[in-house]
Amino acid sequence: MHMRMEENSKKTQSNMRQKAELFVFLFVFWVLLNGSVAFATLGVGAVVALSISMLSRRQMTFLTDFRYSPKAFWVTLQYLGFFFKELMKANLRLAKIVLSPSLPINPGFVKVRTTLKSPMGRLLLANSITLTPGTLTIEMEGEWLYVHWVSIGTSDVEGATKQIVAGFEQYLEVMYG
Amino acid sequence: MANMLVYIAAAIAGVAFILALYRFMRGPQAVDRVVAFDVLTIISLTGIVLIAVQEARAIYLDVALVYALLSFLGVIVVAKYLEGGEK
Amino acid sequence: MTAFLDIIGGLALVGGAVFLLLGGLGLNRMPDSFGRIQVGAKTTTLGTILVLTGAGFLQPDMALKLFLIGVFLLFTNPLSSQVLARAAKRMHAPEAPETVVDKYSEDHAETSEDEA
């Protein structure tokens, strides 16, 4: 009995947190979109963002499951730096493939495993994989991700996980868990 | 100088548009056409941004933002439709 | 100083356009749908981000909105590519003859027969 009450209050708490996060997300987006901090703008934004976040259930924003620790913010910056470096690398490598007359590809579908638990962490991982050298997430099933790889490095699960997932996971692990 | 660079960028994007259009017409799979369409919308989006820069009119950027939103929704809906179409 | 920033912005615009061009080229060179989706996802993302950055250098007062468009595309572009790739895989789109391994079909052999 006591335990159930505790569980319920935990649920309401996480529900409230989700609504608050959605409100912050929508409100910030609205203010940036308008590019002004006039009273009318802020007022309309607050009312609309509040009603949307109150009316909706189960949503996801960048803040969902985010760990609000100083370390998480610092790691977020590192993650962004790593991400843009990988995006650049992905494009240059792709350019080399596309521009060489022989079209040196060696494609295949591999399976990798992630240790991330939170949905937002997994979603960002899948997105990051898609934008990094030669890989494209095609399906997520729980902890398993199926990835299309333009030039296969290795086809076994552990090796592919190390090459594709590990780089991003270390950052997302700290940010979302 | 900067003006000229904007025109050069627009010209290169134009060639990219034609190449993507060629894939769009050739197919052969429906998925190929959707990918080409996605690329076409993004190239048009950069075109809109280039016009906004050249004309110095920020209002075009709102058009670009809505365009991005609609193209994303469009691709998702079509992909869902293609998935269901197999059954 | 502004002239210098203008040149940098203009070069970023041209660089972005070049990546879009590579995307258009790759779209025609890749042998199967999955390769084309890969090219489409990567080149357009970097290409647009470079163009948006360049535009921000040329028109600094537009920077905020350009940034918003960039964040939006950075998130939605890979997402739509993934949904599309999944659709292609489920529809059994033809794969390049060079394809080496296919763990996805190995794992989903029974389910796809059930559906048929």
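Within every chain, residues take consecutive numbers counted from 1 along the sequence as written. Chain A is the first chain written and ligand 1 is the first ligand written, with later ones labelled in order. It should be noted that, the model being predicted, local features are given only for residues of pLDDT at least 70 and side-chain atom pairs only at 80 or more, the latter also being counted only at that level, while totals for whole chains, interfaces and linings use all residues. Remark: hydrogens and water are excluded; side-chain values derive from all non-hydrogen atoms of the structure.

Participant: Explain the overall build of chain A here, please?
Facilitator: Each helix and strand in chain A was counted, giving 5 helices and 3 strands. When the elements of chain A are put in sequence order from the N terminus, they spell out α-α-α-β-α-β-β-α. Compactness check: chain A gives a C-alpha radius of gyration of 20 Å against a globular reference of 16 Å for 177 residues, more than 25% above the reference. Projected onto the principal axes, the alpha-carbon positions of chain A cover approximately 60 × 50 × 30 Å. Relative accessible area decides the class of each residue, using a 1.4 Å probe on protein chains only: under 20% of the type maximum gives buried, over 50% gives exposed, and in between gives partly exposed. In chain A, buried positions account for 45% of the 177 residues. By sequence separation, contacts in chain A at least 24 residues apart represent 70% of the contacts at least 6 residues apart. Counting every atom, chain A has about 9700 Å² of accessible surface; 66% of that belongs to carbon and sulfur. In this text, helices come from DSSP runs of H or I with a minimum length of four residues, and strands from runs of E with a minimum of two, each type numbered from the N-terminal end. The size measure is the radius of gyration over C-alpha atoms, and the globule rule it meets is 2.2 Å times the number of residues to the 0.38 power. Contact definition: two residues touch when any of their heavy atoms are within 4.5 Å. Computed by Shrake-Rupley with a 1.4 Å probe, the accessible areas treat only the displayed protein chains as cover when residues are assessed.

Participant: Looking at this structure, how should I read the interface of chain A and chain C?
Facilitator: Listed per partner, the contact involves 49 residues of chain A and 42 residues of chain C. Here chain A packs against chain C, burying approximately 4000 Å² in sum over the two surfaces, 72% of which is carbon and sulfur. Residue Arg86(C) pairs with Glu139(A) through a salt bridge whose shortest N-O separation is 3.8 Å. Any N or O atom pair separated by 3.5 Å or less is treated as a polar contact, with the protein-specific requirement of one donor-capable and one acceptor-capable atom, and with residues adjacent in sequence counted only for side-chain atom pairs. Counting every contact that joins chain A to chain C gives 15 residue pairs in polar contact (both at pLDDT 80 or more). Elements supplying a minimum of two residues to the side of chain A that touches chain C: helix 1 (2–34), helix 3 (70–99), strand 1 (108–113), helix 4 (119–130), strand 2 (135–141) and strand 3 (144–149) of chain A. Per element, the largest residue contribution to the side of chain A that touches chain C is 12 residues, and it comes from helix 3 of chain A. Along the lines of polarity and charge, the residues of the side of chain A that touches chain C split into 32 nonpolar, 13 polar and 4 charged. Here the quantity called buried area is the accessible surface, traced with a 1.4 Å probe, that two parts lose on coming together, added over both. A pairing counts as a salt bridge when a side-chain nitrogen of Lys or Arg comes within 4 Å of a carboxyl oxygen of Asp or Glu. In this count, Pro and Cys sit with the nonpolar residues alongside Ala, Val, Leu, Ile, Met, Phe, Trp and Tyr, while Asp, Glu, Lys and Arg are called charged and the others, Gly among them, polar.

Participant: Which parts of the structure should I look at to understand a nonpolar patch on the surface?
Facilitator: All names here are of chain A. Like charges are joined within 9 Å and nonpolar side chains (Val, Leu, Ile, Met, Phe, Trp, Tyr) within 5 Å, but only among residues with over 30% relative accessible area and no salt bridge; these make up the patches. Where nonpolar side chains cluster on the molecular surface, the patch consists of Trp-30, Val-44, Val-47, Val-48 and Ile-52 and spans about 410 Å² of accessible area. A per-element tally of the nonpolar patch places helix 2 (residues 39–55) first, with 4 residues. Relative to the assigned elements, Trp-30 resides in helix 1.

Participant: Whenever I open this one, the confidence of the model for chain A confuses me. Can you help?
Facilitator: For every residue, the predictor states its confidence as a pLDDT score lying anywhere from 0 to 100. On average, residues of chain A score 80 in pLDDT, and 92% of them reach the 70 mark or higher. The least confident element of chain A, judged by mean pLDDT, is helix 1 of chain A at 76; the most confident is helix 2 of chain A at 86.

Participant: Looking at this model, I keep getting lost on the sheet that holds strand 2 of chain A. Mind explaining?
Facilitator: Think of a sheet as strands paired side by side through backbone hydrogen bonds, with each pair either parallel or antiparallel. Paired strands are those between which DSSP finds at least two bridges. An order of 1-3-2 (chain A) is seen for the 3 strands of this open sheet, with the pairing classed as antiparallel. The sheet is open, and its two borders are formed by strand 1 and strand 2 of chain A, each paired with just one other strand. Taken over all neighbouring pairs, the strand axes of this sheet differ in orientation by 30° on average, direction set aside. In the sheet, strand 1 of chain A pairs with strand 3 of chain A via 6 bridges, with the strands oriented antiparallel. Within the sheet, the bridge partner assigned to Arg113(A) lies in strand 3 of chain A and is Trp144(A). Relative to the sheet, helix 5 (residues 157–175) of chain A contacts strand 1, strand 2 and strand 3 of chain A, its axis offset from that of strand 1 of chain A by approximately 65°. Axes, fitted as lines to C-alpha atoms, cover a helix only where it is in contact. Angles between the N-to-C directions of the axes lie from 0 to 180 degrees. Along the sheet face, helix 2 (residues 33–58) of chain C touches strand 1, strand 2 and strand 3 of chain A and points at about 105° away from the line of strand 2 of chain A.

Participant: Sorry, what's going on with the environment of Ala41(C) here?
Facilitator: Note on placement: Ala41(C) falls in helix 2. The sequence separation of Ala41(C) and Gln82(C) amounts to 41 residues, and the corresponding C-alpha distance is 8.9 Å. With near-sequence residues (within four places) excluded, Ala41(C) lies in contact with Thr130(A), Leu131(A), Asn77(C) and Ser81(C).

Participant: Any chance you could explain the pattern of salt bridges here in plain terms?
Facilitator: Evaluation of the coordinates by the stated rule reveals 8 salt bridges over all chains. Salt bridges here are not isolated pairs; linked through shared partners, they connect Glu139(A), Glu83(B), Arg86(C) and Arg90(C).

Participant: Can you help me understand the environment of Ile138(A) in this one?
Facilitator: Tracing the backbone through its elements, the reader meets Ile138(A) in strand 2. Owing to a relative accessible area of 2%, Ile138(A) belongs among the buried residues under this scheme. Separated by 12 residues in sequence, Ile138(A) and Ala126(A) place their C-alpha atoms 8.8 Å apart. Other than its neighbours up to four places away in sequence, Ile138(A) contacts Phe109(A), Tyr146(A), Val147(A), His148(A), Gln82(C), Ala85(C), Arg86(C), Lys89(C) and Tyr104(C).

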